[in-house]
Amino acid sequence: MMLLHTDQIAGLAHDKLKTGWAVLYGHPDVFGFIENSLYRPGTKENAGFELLGLLPSVAFCKKTRQFRKLFKETDDKTIVVLHAFKVDSHDNGFAFHILEAPKDSDNVGRYNQVAQAVRNYLVNGEFVPYQ
């Protein structure tokens, strides 16, 4: 477990985005669903799933082959943020709003905006990534 000061959250989020991770937030049940589906506890893949905060929470998800397949990441777009909504009472009843960015563009500014949104969400409960 790592303790972060609120000023360190944006830096951590920015570093994750720059190195091939995506931000996951939304309904609290989604974290267990994604971890158990893509990053099973007790496997080496589990190192690719990091949870931050406690209601509200965000997770950082390493973009593995399974992640890219499940969320249909393409060669020309990179997934930056996944916003999860619970759509029914079943364990896997989730819908995702996916924010993407062009892979061939300079996304530093976009990553900065998302990193600030992660910080604001964990501190204030508001998540407005980018437009």
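Heads up: the structure comes first, above all this text.
Rules of the game
- Going along each chain's sequence as written, the residues are numbered from 1 onward.
- Owing to the predicted nature of the model, reporting of local features is limited to residues with pLDDT of at least 70; listing and counting of side-chain atom pairs is limited to 80 or more, with chain, interface and lining totals taken over all residues.
- Heavy atoms throughout the structure, all of them, feed into the side-chain values; hydrogens and water do not.
- By definition, two strands form a pair when at least two bridges between them are found by DSSP.
- Here a strand is any run of E in DSSP of at least two residues, a helix any run of H or I of at least four, and the numbering for each starts at the N terminus.
- Where helices are involved, their axes are fitted lines through C-alpha atoms of the stretch in contact, as for all axes, and angles between N-to-C directions lie from 0 to 180°.
- Buried residues of nine kinds, namely Ala, Val, Leu, Ile, Met, Phe, Trp, Tyr and Cys, make up a nonpolar core once their side-chain atoms join them within 4.5 Å.
- Residue exposure (1.4 Å probe, protein chains only): buried if accessible area is under 20% of the type maximum, exposed if over 50%, otherwise partly exposed.
- Should any heavy atoms of two residues lie within 4.5 Å, those residues are considered in contact.
- Any Lys or Arg side-chain nitrogen found within 4 Å of a carboxyl oxygen on Asp or Glu counts as a salt bridge.
- What the arc describes is the spread of directions from the helix axis to the C-beta atoms.
- Any pair of nitrogen or oxygen atoms within 3.5 Å is treated as a polar contact; in protein, a donor-acceptor pairing is required on top of that, and neighbouring residues in sequence qualify only through side-chain atoms on both sides.

Remarks on the sheet that holds strand 4 (residues 77-86)
Logical step 1: Spatially, five strands are ordered 2-3-1-4-5 in an open sheet, and the strand pairing comes out mixed. Sheet topology places strand 2 (49-52) and strand 5 (94-102) at the edges, where each strand pairs with a single neighbour. Strand-to-strand, the axes of this sheet are offset by a mean angle of 20°, without reference to chain direction.
Logical step 2: Pairing analysis gives nine bridges linking strand 4 to strand 5, with the strands arranged antiparallel. The partner of L82 across the bridge, within strand 5, is I98.

Quick look at the nonpolar core
Logical step 1: Formed by 21 residues in total, the largest nonpolar core has its most connected members in V23, V58, F60 and V118.
Logical step 2: Residue assignment for this core shows that the elements contributing at least two residues are helix 1 (6-18), strand 1 (21-26), strand 3 (58-62), strand 4, strand 5 and helix 4 (108-124).

Overview of the side chain of K16
Logical step 1: With respect to the helices, strands and loops of the structure, K16 is situated in helix 1.
Logical step 2: Discounting chain neighbours no more than four positions away, the residues touching K16 are W21, E50 and F60.

A short note on the pattern of salt bridges
When the charged atoms of two side chains lie near each other, side chains of opposite charge can form a pair.
Logical step 1: If you walk through the whole model with that rule in mind, you get five salt bridges.
Logical step 2: With a closest N to O distance of 3.1 Å, E50 and K16 form a salt bridge. Of this pair, E50 sits in strand 2 while K16 is found in helix 1, placing the two residues 34 residues apart along the sequence.
Logical step 3: Take K16: its relative accessible area is 13%, and that puts it in the buried class.
Logical step 4: One salt bridge connects K63 with E73, and the closest N-O pair in it is separated by 3.3 Å. Taken together, the positions of K63 in the loop between strand 3 and helix 3 (65-71) and E73 in the loop between helix 3 and strand 4 put the pair ten residues apart, joining distant regions of the chain.

Some remarks on helix 2 (residues 29-38)
Since the α-helix packs 3.6 residues into each turn, any two residues three or four apart lie on the same face.
Logical step 1: The set of residues buried in helix 2 consists of V30, F31, I34 and L38. For helix 2, the arc enclosing every buried residue in end-on projection is 105°, short of the 170-degree limit, so these residues lie on one face.
Logical step 2: Along its buried surface, helix 2 packs onto strand 1, strand 2, strand 3, helix 3, strand 4 and strand 5.

A look at the side chain of E73
Logical step 1: For E73, a relative accessible area of 11% gives the class buried.
Logical step 2: In terms of polar contacts, E73 uses its side chain to reach the side chain of R68, at 2.8 Å.
Logical step 3: With sequence-adjacent residues up to four places away left out, E73 is seen in contact with K63, R68, T78, I79 and K103.

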